[in-house]
Each structure stands twice: as C-alpha cells, then as structure tokens.
Amino acid sequence: MEGGVSVENGKENWRYPPMSTELQRQPPLPQSAPMRKIVAVASIGAGVQFGWALQFSLLTPYVQFLGIPHKWASFIWLCGPISGMVVQPLAGHYSDQCTSRFGRRRPFIATAAALVAVSVILIGFAADIGRASGDPIGHGAKPRAIVIFVVGFWILDVANNLLMSPCRAFLSDLSGHSQQKMRNANAFFSFFSGVGSVLGYAAGSYSRLHNLFPFTLTTACDAYCANLKSCFLISITLLITLTVMALFTVRETPISKPDPSVNGEKGTKAVPFFGELFSALKDFPKAMWILLLVTCLGSLAWFAFLLYDTDWMGREVYGGAVGEKLYDAGVHAGSLGLMLSSAAAGVTSLAVVFLARDVRGGNWIWGGSNIFLAVCFAMTVWITKAAESFRRREVASGGGPNAGVKAAAITLFAVLGIPQAIFFTIPFALAATYSTTAGIGQGLSMGVLNIAVVIPQLFVSLTSGPWDQLFGGGNLPSFVVGAIAAAISGIFALTLLPSPRPGDAPVKIVVAASH
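Residues numbered from 1 in each chain as written. Predicted model: local features only at pLDDT ≥ 70, side-chain atom pairs only at ≥ 80, totals over all residues. Heavy atoms only, no water.

Helix and strand content of the chain: 19 helices and two strands. Taken across its 515 residues, the chain has 57% of its residues classed as buried. Contacts in the chain between residues at least 24 apart in sequence constitute 83% of all its contacts with a sequence separation of at least 6. About 20,000 Å² of surface is accessible on the chain, with carbon and sulfur atoms providing 68% of the total. (Helix = DSSP H or I, 4+ residues; strand = E, 2+ residues; numbered from the N terminus. Buried < 20%, exposed > 50% of the residue type's maximum accessible area, 1.4 Å probe, protein only. Contact = heavy atoms within 4.5 Å. Areas by Shrake-Rupley, 256 points an atom, 1.4 Å probe, with all protein chains shown as cover.)

We now examine the confidence of the model for the chain. The predicted coordinates of low-pLDDT regions are not to be read in fine detail. Summary statistics for the chain give a mean pLDDT of 76 and a share of 75% for residues scoring 70 or more. Here strand β2 (residues 11-15) stands out as the element of the chain with the lowest mean pLDDT, 43, in contrast to helix α15 (residues 403-415), whose mean of 92 is the highest. Every residue in residues 502-515 is under pLDDT 50, and counting partners more than four places away or in other chains gives 38 contacts. (pLDDT = per-residue confidence, 0-100.)

We now examine helix α5 (residues 106-124). For α5, built from 19 residues, the straight-helix expectation of 27 Å at 1.5 Å per residue is met to within 8% by its first-to-last C-alpha distance of 27 Å. Buried within α5 we find Arg106, Phe108, Ile109, Ala112, Ala113, Val116, Ser119, Val120, Ile123 and Gly124. Buried residues of α5, viewed axially, fall in a sector of 145°; they line one side. (Expected span 1.5 Å × (residues − 1). Arc of directions from axis to C-beta.)

All right, on to the packing of helix α1 (residues 35-42) against helix α7 (residues 143-175) then. Packing of α1 against α7 brings their axes to within 10 Å, and their N-to-C directions diverge by 175°. Here α7 runs roughly antiparallel to α1, going by the angle between their axes. Only Cys167, Phe170, Leu171, Leu174 and Ser175 of α7 make contact with α1, whose side of the interface consists of Lys37, Ile38, Val41 and Ala42. In terms of residue class, the contact of α1 with α7 is made up of seven nonpolar, one polar and one charged. (Axes fitted to C-alpha atoms, helices over the stretch in contact; angles between N-to-C directions. Parallel < 35°, antiparallel > 145°, perpendicular 65-115°, else oblique. Nonpolar A, V, L, I, M, F, W, Y, C, P; charged D, E, K, R; others polar.)

Here it is, written out as structure tokens:
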C-alpha cells in the first residue's frame, strides 16, 4: 500500500508507505499493559527531571564558580547535544532489538541509572577533587576541578540520553496500539517530570540545604558549592529508588533473536545502525518530517532560555555579578520561579489528557502554546529594562529589583510551565502514533525525534556565548532568538502538521522476529 491520504465516506484516512525489510523486522508491540505499570515506568521521569532541574538552575553559575568565563560557559553544554545526537538513537535502536533475558528496555534503563550515580559524584565533588590535586583556593580558574567537572558532565549527559529513549519507548510498548494510552503515558511521564522539576528547583532555591549534609562544606567548596553537592546527592538517591521500583514492578517478555532463514532470508547480513537510521529517514512519511521540523524549532526556543534562565535572574534582573550575594539571591529566586513553573507543568500535563482527546486537538494545543511561549520570551526584554530603570533611580539601595519587577519575573517563570508540559507531551505522543502507523520501531522513532531536540541545543551552545558577548555580555539576544523560533514553530504546528485519525488502523507489518 502506498503512502498518502484516501477519503472514504467523507473521512480522511492516512496511510504511510511500506518500510524497508530491516525496519519490518521490528518485534510487534505487546498488548496494552495495565495503567499502574505505565505509571510505574513514567515515575522514572521524576528522578531524571530532578537532575535536569539542578543542571539548568545551578550548573551555569557553578561553572563560573570553577573559573570558566560567562562567554565560554555555553560551550560546556555542548556535551548534551552531541551525546544526544548519537546516544539516544543508538539506545533506541539497540533497545528495539535487544534479546537480553531481562527484556528490551530494562537493561538500558538500569545501566543508565548506574552511570548517573557515577557522574553525580564527579560533578558534586569536582572542587574537592581538584583541591586535593593541587588547585588553588579562592577566586580564579581551578583547572583540575574543571577537568573533573567536564568529565562528570559528559558522563551525566550520556547517561541521561541513554535513559530517556528506552524509557519513552518502554512507555510506548506498554501502551500497545492504543493512541489514547500513548497520549496518557506521555502525559504521565510529563507529569512526573514536573514533579521532579518542582523538587529539583525547590532544592536549588533553598540556600541552606547543605546544613543537612555537614560534610559537603569544605575549604574548597563554599556554601553555594556545598548546596549544589547536597542537591545532587538527593537527586541520585531519588533516581535510583524510582528506577529500581519500576524495573522490579514491570517485567518484559524477552524476544528471541531473528531467524535469518525466515521468509527465505538465509544469509542476509544485518544492516549497520547508521545504515538503518538513514533508511528510516528515507522512508519517513511527510507527517513525521513536519513533526521533526516543529520540534526542532520548539527546542531551539526552549534551550535558548533554559541555558541562561537563572543567570538572567542574577545578572539582568537582580543586577549582581558572579560571586556576589546579590547574584546568588537572583539565582535562588530563579530556582524558585522554575519550581513554580514545574508545578504548573505538572498540572498542565494531566489537563492535556482531557484536552487532547483526539490527535488534531493536540496539534492545536501545541501550536497555541508555542505562540504563547514566544510572547513570554519577549516579556524578558521588558522585565530587564524595568529592572535596569529601577537600579538607575535607586543607585544607593543596592538591594536588587523592586517588588513589582520580582513579581513579574517569578510570574513569567511560573506560566512557562504550561507550554513546557505541552512540549514534553504532544510531540512524543504524535511520534509514537506516527511510528506505530508507519511500522517504525518505537525506540528508533524516539531516538530520531531526539535528534530534532538536540540539534538546536548544539546550535545554541556554539553561538549563544559569542553572540551574547557581541551584544554586551547579556542574555537577552538568546531570549529574542528563542521568541522568534517559538513563534515560527507555533505557526507551523497550526498550519502544516497533519494528523492521522484515532480510528485509523495501523499499516500491517510483516514481522520476521518471533517471541
């Protein structure tokens, strides 16, 4: 059956072209699992997002504490996009075909959680390890600590990317062929991600958390550093606990290795991963390509803001410099705003389950939320100018912005949780629907979608530092780029993104692998 749209009895029916032979080898989706198992796997998102929240709220100031200048801070974040471009598609692909007796997805999830634990130790104790190796105490660059931090940061991003694609694919497996369960599974994953973000940003905004762990405060690690260390220790404890609970609660039926003699294919050589990836891209339906484009633009908008959000609060809104109390107060206020944003995201994630009752409804919600996101990012310019105006009038106060500016900034952070929840729900639900209909492996599909997420991050990491430095060292140029990207993404989602109907049956796939 060829791709395209057929109209029967006044109803559009989307049909996608048949996939290549290697893609047809993907094992069939299992029967839909009980919702309690879907919720158990989705809860891993809380542990993952707790760590992400700490990264986005605390690590940009932390790298400057270690002595990396602001204009070079964005290059540290290159490891996320680079590892995401390779690791998630690889993890998704090989988890599709994994024949381990523990199942397809569970070995990858367990390995990733263990790597996160190693990375957290390296990041949190980088200053202490650097001091023990000969780094100076006080201000200035700490080269050995920077090396330890970068190594730990790379491992952390590799581990997170190794975890995300199999986890999303596992949720799609448990949803079977049910589009409604796919949307609900992604909504629950987004909800638990919101819960993890609330906890992460709450931990990051509380400046005395290190008092619970007195050993974290050392000669090489001041109160801010000790607080970050304490946050990451809590993060890994949460992730390991949720992962162990989910993996022991939800079992997978192992798949057997494909028999090359099936259907007369004896002697057929396996196609390498990148060959299969390019084959998948070649055979992707038009709807999937548009989805990737809209996701790419949305990711560009989000990362342009998330990379510098708390730094923006410390510098532009509070008017402080790195190492000053005023800057630290701004960072903690930004973490508080991100916590409120995550709370709004959690509520919105559950609301999406009821609002997006059909796929087309999800498209409209996603497009509208991106337009709203563009307006929010544009508001950062007004808030920055208002804060600067107040500081010029109240030079002697030295107490940061007035109550009105603080309230506006915190409110902006809070309402951003609404489009954020939609961004982490609708695209993944659509990708799962398209891949099921077109016969693409769930893991490979999620990995390819992640490429659309990380390429903009790579672009922002490479360009935002020099770009911001060119315009005076501030964060607003990146935010303006984010606003423009969000607006274009919203327009494309509303006008270009097609949708299969919920009632359409998936294209029948010939499966060579047996269970």
